[in-house]
Amino acid sequence: MSRYFFDLHNGDGPVLDEEGQDMVSRESVAMEVARILGDIARDEMPETRNGTISLTVRDETGRTITVARLTFSNEWVE
C-alpha cells in the first residue's frame, strides 16, 4: 500500500493535500480522482457558467504520477 496526495487546482489557486491517502493500486487512485472531481463538479461547478478544475496526484516521494482535468461549460440556448 502506498500513500498518494491529491492536490486541487481551481480558480482559487492550488489546494495542497498535506495528509494523503493510502491506496492499494493505480485503479484505486483513478477511482478516487473520479470521485473527487465528481464531487467538486456537483458542488461547485454549477455556480459558474464555465470552468476547469484539475487534480494533481503525487506519490510518497512527491513525484507527480497523474493529472486529471474536468472542464464544465453550460450555455443556455434561447
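Further up the page is the structure itself.
First, a word on scope: everything that follows refers to the structure included in this document. (Residues numbered from 1 in each chain as written. Predicted model: local features only at pLDDT ≥ 70, side-chain atom pairs only at ≥ 80, totals over all residues. Heavy atoms only, no water.)

### Notes on the pairing of strand β5 (residues 64–73)
- Inspection of the sheet shows strand β4 (residues 50–58) paired to β5 by nine bridges, in the antiparallel sense. Bridge pairing in β5 links Arg 58 to Thr 64.
- Hairpin remark: β4 followed by β5, antiparallel, with five residues in the connecting loop; positive phi at Gly 62, about 95°. (Pairing = 2+ DSSP bridges. Helix = DSSP H or I, 4+ residues; strand = E, 2+ residues; numbered from the N terminus.)

### Observations regarding helix α1 (residues 26–43)
- A rise of 1.5 Å per residue sets the reference length of α1, with its 18 residues, at 26 Å; its end C-alpha atoms lie 26 Å apart and thus fit the reference within 8%.
- Residues of α1 that are buried sit in contact with β1 (2–10), β3 (21–23), β4 and β5. (Expected span 1.5 Å × (residues − 1). Contact = heavy atoms within 4.5 Å.)

### Focus on the pattern of salt bridges
- Inspection of the entire model under this criterion finds seven salt bridges.
- A salt bridge links Asp 22 to Arg 3, with the shortest nitrogen-to-oxygen separation between them at 3.4 Å. Of this pair, Asp 22 sits in strand β3 while Arg 3 sits in strand β1, placing them 19 residues apart in sequence.
- With relative accessibility at 42%, the residue Asp 22 sits in the partly exposed group.
- The partner of Arg 35 in a salt bridge is Asp 39, and the shortest N-O contact between them spans 2.7 Å. With a gap of four residues between them, Arg 35 and Asp 39 both fall in helix α1, about one helical turn apart. (Salt bridge = Lys/Arg side-chain N within 4 Å of Asp/Glu carboxyl O. Buried < 20%, exposed > 50% of the residue type's maximum accessible area, 1.4 Å probe, protein only.)

### Regarding the nonpolar core
- Membership of the largest hydrophobic core comes to 13 residues, with the highest contact counts inside it found for Tyr 4, Phe 6, Val 29, Val 33, Leu 37, Leu 55 and Val 57.
- If you list the elements that add at least two residues to this core, you get β1, α1 and β4.
- The element contributing the most residues to this core is α1, with five residues.
- What Phe 6 contacts, discounting residues up to four positions off in sequence, is Val 15, Asp 17, Gln 21, Met 23, Val 29, Glu 32, Val 33, Ile 36, Leu 55, Thr 56 and Val 57. (Core = buried A, V, L, I, M, F, W, Y, C linked by side-chain atoms within 4.5 Å.)

### Regarding the environment of Pro 14
- Topologically, Pro 14 is positioned in strand β2 (residues 13–15).
- Leaving out residues up to four positions away in the same chain, Pro 14 has contacts with Leu 8 and His 9.

### Quick word on the pairing of β4
- In the sheet, β1 pairs with β4 via five bridges, with the strands oriented antiparallel. By the bridge assignment for β4, Phe 6 is matched with Val 57.

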